[in-house]
Amino acid sequence: MDRVRTTEALIDRSALAHNLREARRCAPRSRVLAVVKADAYGHGAVECSRAFVEAGADWLGVALVEEGLELRAAGIRAPVLVLGLGGDYTDHRILLQNDLVPMIFRPDQLAGLAAAARAMGRVAQAHVKLDTGMGRIGALPAELPALLEAARALPEVRLTGLASHFANADLRDPAATAHALELFEAGRRAMLAAGMPLELCHLANSAATLGLPAAHYDMIRPGLMLYGAAPAPAFEGVAELRPAMTWVTSVAHLKRVPAGTPISYGHRWRARRESLIASLPVGYADGYRRALTNTAHVLVEGRRAPVAGTVCMDMTMVDVTDVPGVRVGSEVVLLGPGVTATEMAEVGGTISWEVFCAVGKRVPRVYT
Ligand SMILES: *Cc1c(COP(=O)(O)O)cnc(C)c1O
């Protein structure tokens, strides 16, 4: 079937590989777990995982067991860590059958995993998740001794890793970050003292990969930076990151309108002068968020053009009065080099992570 629609997300494999190498350069003595949860932040989990593994990623990280199964079904054999609730299955055999390593933080998860391992005549591997201030999942430091005590009675499970996660993704709260590091270090010593076969301690997200070498430990867990965005302006320039996604569409319709002409739902934009208005076949149903109404810019024929009026479900208008050479069919860059996720997040009142995740299923990913 021919495609009529020109809206697509071009994913540059060489940028993915480049960003992974940049992460490794930031933490040369650590292994790299490439975070590919949420369909690799909207970039396509299977393709991105392949690119990262080829570029030297040691592990892959997913949020859901289902996401791990998708990688296995695609034939990806790299070690996979389930960052979310992998320890909470009624039947933990699915983890062992698919070589997915869960993070566990309660004795009942440990017992479930041990029962599955026993039933299969196998030894399971798990990483302990420690809550060092995120307040989401993980054993509180005070709960760790009981967890390790329970583990000692269950030889079917080897606790080979210790993980935590920073609550301040931009590390702008140095006191909280230092406290998290202290708690993590205490957890590491407790695990070693309990005789656990600890191989991998890890807690560095992109921000800590870029800005906190003390948090690199045995493995880093970058996500956002692998897709080419810095977690906060303070980290720009620490690594040379290349946006992996260029979200493009094209001008579907052009019209010249007199001054005073209102555009789109609610007439929230009005031409201040005689204007040339382009309609783009993309809208909030594609993840071009309605919050971008009257605030975002796109690139048309290489020039910045402002969104004019309310973003609709399937259409968005832009003011191209100052774009020479614009025509029906002109290529439009919505997001990518020239219109960064950071910029789009800022004007849309969100964060780059959400900008990427918002790019919808309706937008085909095309790998270059
Ligand atoms: C998402 C996630 C990461 C990656 O964070 P970024 O800020 O995208 O680098 C790392 N660890 C865990 C547990 C996560 O959930």
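Each remark here, short or long, concerns the structure printed above.
A short tour of the structure in this document, coming up. Because the structure is a prediction, the values reported are computed rather than measured.

1. Topic: the sheet that holds strand β16 (residues 303-306)
Taken in spatial order, the 6 strands line up as β16-β15-β18-β10-β1-β19 in an open sheet, and their pairing is mixed. In this open sheet, the two edge strands, each paired with only one partner strand, are β16 and β19 (365-367). If you compare each strand with its neighbour and ignore which way they point, the axes differ by 35 degrees on average. Bridge count between strand β1 (residues 8-11) and β19: 3 bridges; the pairing is parallel. Paired with I11 across the strands is Y367, a residue of β19.

2. A few points about the pattern of salt bridges
Where charged atoms of side chains with opposite charge meet at close range, the side chains can pair. Enumeration according to the criterion identifies 16 salt bridges in this entry. Of the charged contacts in the structure, one is a salt bridge between D108 and R106, with a shortest N-O distance of 2.7 Å. In this structure R106 comes out as partly exposed when scored by relative accessible area, which is 34%. With a closest N to O distance of 3.0 Å, D314 and R362 form a salt bridge. Taken together, the residues D314 in the loop between β16 and β17 (316-319) and R362 in the loop between α11 (352-358) and β19 connect sequence positions 48 residues apart. The exposure class of D314 is partly exposed, given its relative accessible area of 35%.

3. Some points on the pairing of strand β15 (residues 297-300)
In the sheet, β15 pairs with β16 via 4 bridges, with the strands oriented antiparallel. Its bridge partner lying in β16, V298 is registered against A305. In terms of strand pairing, β15 meets strand β18 (residues 331-335) through 2 bridges, oriented antiparallel. If you follow L299 over to β18, its bridge partner there is V333.

4. Details of the site of the ligand
Surveying the vicinity of the ligand reveals 13 residues, the closest of which are K37, Y41, S206, G223 and L224. R221 places a polar side-chain atom, nitrogen or oxygen, 2.9 Å from a nitrogen atom of the ligand. Summarising the interface, the protein chains cover 94% of the accessible area of the ligand, which totals 390 Å² for the free molecule. Looking at the shell around the ligand, its residues break down into 6 nonpolar, 4 polar and 3 charged.

5. Considerations on the packing of aromatic side chains
Using the criterion set out here, one finds 4 aromatic pairs in the structure. Both rings, one in F52 and one in Y227, keep their centres 5.8 Å apart while their planes meet at 70 degrees; by these two values the pair is edge-to-face. On the criterion of sequence distance, the pair formed by F52 in helix α3 (residues 45-54) and Y227 in the loop between β9 (219-220) and β10 (245-250) is long-range, its members being 175 residues apart. With respect to burial, F52 and Y227 carry one shared label: buried. Ring centres 5.9 Å apart and planes at 70 degrees place the aromatic pair W247 and Y288 in the edge-to-face group. One end of the pair, W247, is in strand β10; the other, Y288, is in the loop between β14 (275-280) and β15, and 41 residues separate them in sequence. Ring pairing ties together the aromatic residues Y41, F52 and Y227, which thus form one cluster.

6. Thoughts on the environment of P364
Relative to the helices and strands, P364 is located in the loop between α11 and β19. Residue P364 is classed as partly exposed on the basis of its relative accessible area, which comes to 26%. Remark: the alpha-carbon pair of P364 and R5, spanning 359 residues in sequence, is separated by 9.8 Å.

Cut-offs and rules
Residues numbered from 1 in each chain as written. Predicted model: local features only at pLDDT ≥ 70, side-chain atom pairs only at ≥ 80, totals over all residues. Heavy atoms only, no water. Pairing = 2+ DSSP bridges. Helix = DSSP H or I, 4+ residues; strand = E, 2+ residues; numbered from the N terminus. Axes fitted to C-alpha atoms, helices over the stretch in contact; angles between N-to-C directions. Salt bridge = Lys/Arg side-chain N within 4 Å of Asp/Glu carboxyl O. Buried < 20%, exposed > 50% of the residue type's maximum accessible area, 1.4 Å probe, protein only. Near = heavy atom within 4 Å. Polar contact = N/O pair within 3.5 Å; in protein donor to acceptor, adjacent residues only side chain to side chain. Areas by Shrake-Rupley, 256 points an atom, 1.4 Å probe, with all protein chains shown as cover. Nonpolar A, V, L, I, M, F, W, Y, C, P; charged D, E, K, R; others polar. Phe/Tyr/Trp six-rings, centres within 6.5 Å; stacked < 30°, edge-to-face > 60°.

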